[in-house]
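Observations on the three-dimensional arrangement
Chain residues, written in single-letter form:
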Amino acid sequence: MDRFKQLYVWAMNAKLFMGLYFVMLVALTGIVTAIFGGNSLGLLSLLEMLGLSVIIALLQVVLLDSHTDYSKGILFSRSVIWVIFSTVLIVVASIAFKWFAGLPAWGPYLLAGFILIVLPGMLLGLKWEQETDTVRLNADLESFKSKEGVQ
Amino acid sequence: MKIRVIEEPGAQKELIIRCEAVDDQIRKLLRLINAQNKRIVANQGSETRILDPASVLYCEYVDRGVFVYTAQEVLPTDAALAEIEREFSDQGFIRCSKSMVVNIKRIAALRSDNGGRIIATIDNGEKIIISRHYAAALREKLSQ
């Protein structure tokens, strides 16, 4: 049962990121499509983006979740591998699944440019969240100690 | 076991247990007495040590035994981890994993970690990871 709970929590964490990346992929693909004059995304493309979001989120959970210390910066071997691998996956998927069919050929590369900004941005968000939480935790610890009369 | 209480005007309270060797019965008695005085009973070879909870960094269950860690030494204890957690929670002891109870007063710093975990640096420089499940209880205790 404990194993099941662990797996469930792990999958839940992955699903939260998956949701974020799905929204990111739909929004960025939509923006690139709109820049080139398009006005719609196919239902099949959305399903493909959902599948890709699962892979990116699982990669993040595997590569970064239990090993990550963002206090010294967001770019280190594992995070760089995750950002580059995810970007390559998105570019390959957008070409293979023809997300920008009928639009200029450099659509996938413009999308890759956006992704290369957004994914490190995501890590930066995690870093700031950790830093803010750390400050709050240590303030609470000091307050607890002073209430208990610890020097 | 013979119990003798001597009343003397102006005498300081003192409890002496005279026995051939410290056995389980004596240990149990010590634990009962120390529940009042809130001390942790640990063993060092044939000696029984009474520890001030403030000197304890953390207690850990390792290889079917519970060990008490202070800044200088590691001592086995007969007390169960759950018992230590229960008896000393009002003195800042809190469960930080299935196999560890930490003394919050001996935590030097905390760092938020991914996935809701917390990394605690103990006074002696050791780092312990507090899982999300137990981190929630720590956060609650700190904000009380």
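Everything discussed here concerns the structure shown above.
The model shown is predicted, which means the values in this text are computed figures rather than measured ones.

Brief notes about the overall build of chain B
- Scanning chain B from terminus to terminus reveals three helices and 10 strands.
- The buried share of chain B, taken over its 144 residues, is 27%.
- By sequence separation, contacts in chain B at least 24 residues apart represent 37% of the contacts at least 6 residues apart.

A short note on the sheet that holds strand 4 (residues 65-70) of chain B
Residue and element names in this part refer to chain B.
- Read across the open sheet, the five strands follow the order 5-4-3-7-6; overall the sheet is antiparallel. Each edge of the open sheet carries a strand with a single partner, namely strand 5 (74-77) and strand 6 (93-97). Going across the sheet, the axis of each strand differs from the next one's by a mean of 25 degrees, ignoring polarity.

With respect to the pairing of strand 5 of chain B
Residues and elements named next belong to chain B.
- A one-sided burial pattern is seen for strand 5, the buried positions being Leu75 and Thr77 and the unburied ones Val74 and Pro76.
- As paired strands, strand 4 and strand 5 are joined by four bridges and run antiparallel to one another. By the bridge assignment for strand 5, Val66 is matched with Thr77.

Focus on the interface of chain A and chain B
- Taken together, the 15 residues of chain A in the interface contact 13 residues of chain B.
- If you tally residues by element for the side of chain A that touches chain B, the top one is helix 4 (residues 107-147) of chain A, at nine residues.
- By residue class, the composition of the side of chain A that touches chain B is four nonpolar, six polar and five charged.

Quick look at the environment of Phe36(A)
All names here are of chain A.
- Looking at the secondary structure, you find Phe36 in the loop between helix 1 (2-35) and helix 2 (43-65).
- According to the C-beta neighbour criterion, Phe36 is partly exposed, with 13 such atoms within 10 Å.
- Put simply, Phe36 and Pro104 are 68 residues apart on the chain and 7.2 Å apart in space, counted from C-alpha to C-alpha.
- With residues near it in sequence (within four places) discarded, Phe36 still touches Leu103, Pro104 and Gly107.

Regarding unusual backbone geometry
All names here are of chain B.
- Here Asp63, not a glycine, exhibits a phi torsion of approximately 45 degrees, which is positive.
- Following the sequence through the fold, Asp63 ends up in the loop between strand 3 (56-62) and strand 4.
- Taking the number of C-beta atoms within 10 Å as the measure of exposure, Asp63 has 5 and is therefore exposed.
- At Arg64, a position not held by glycine, the phi torsion is positive, near 65 degrees.
- Within the secondary structure, Arg64 is located in the loop between strand 3 and strand 4.

Criteria and cut-off values
Residues numbered from 1 in each chain as written. Chains lettered and ligands numbered in written order. Predicted model: local features only at pLDDT ≥ 70, side-chain atom pairs only at ≥ 80, totals over all residues. Helix = DSSP H or I, 4+ residues; strand = E, 2+ residues; numbered from the N terminus. Buried ≥ 20, exposed ≤ 12 C-beta atoms within 10 Å, placed from the backbone. Contact = placed C-beta atoms within 7 Å. Pairing = 2+ DSSP bridges. Axes fitted to C-alpha atoms, helices over the stretch in contact; angles between N-to-C directions. Nonpolar A, V, L, I, M, F, W, Y, C, P; charged D, E, K, R; others polar.

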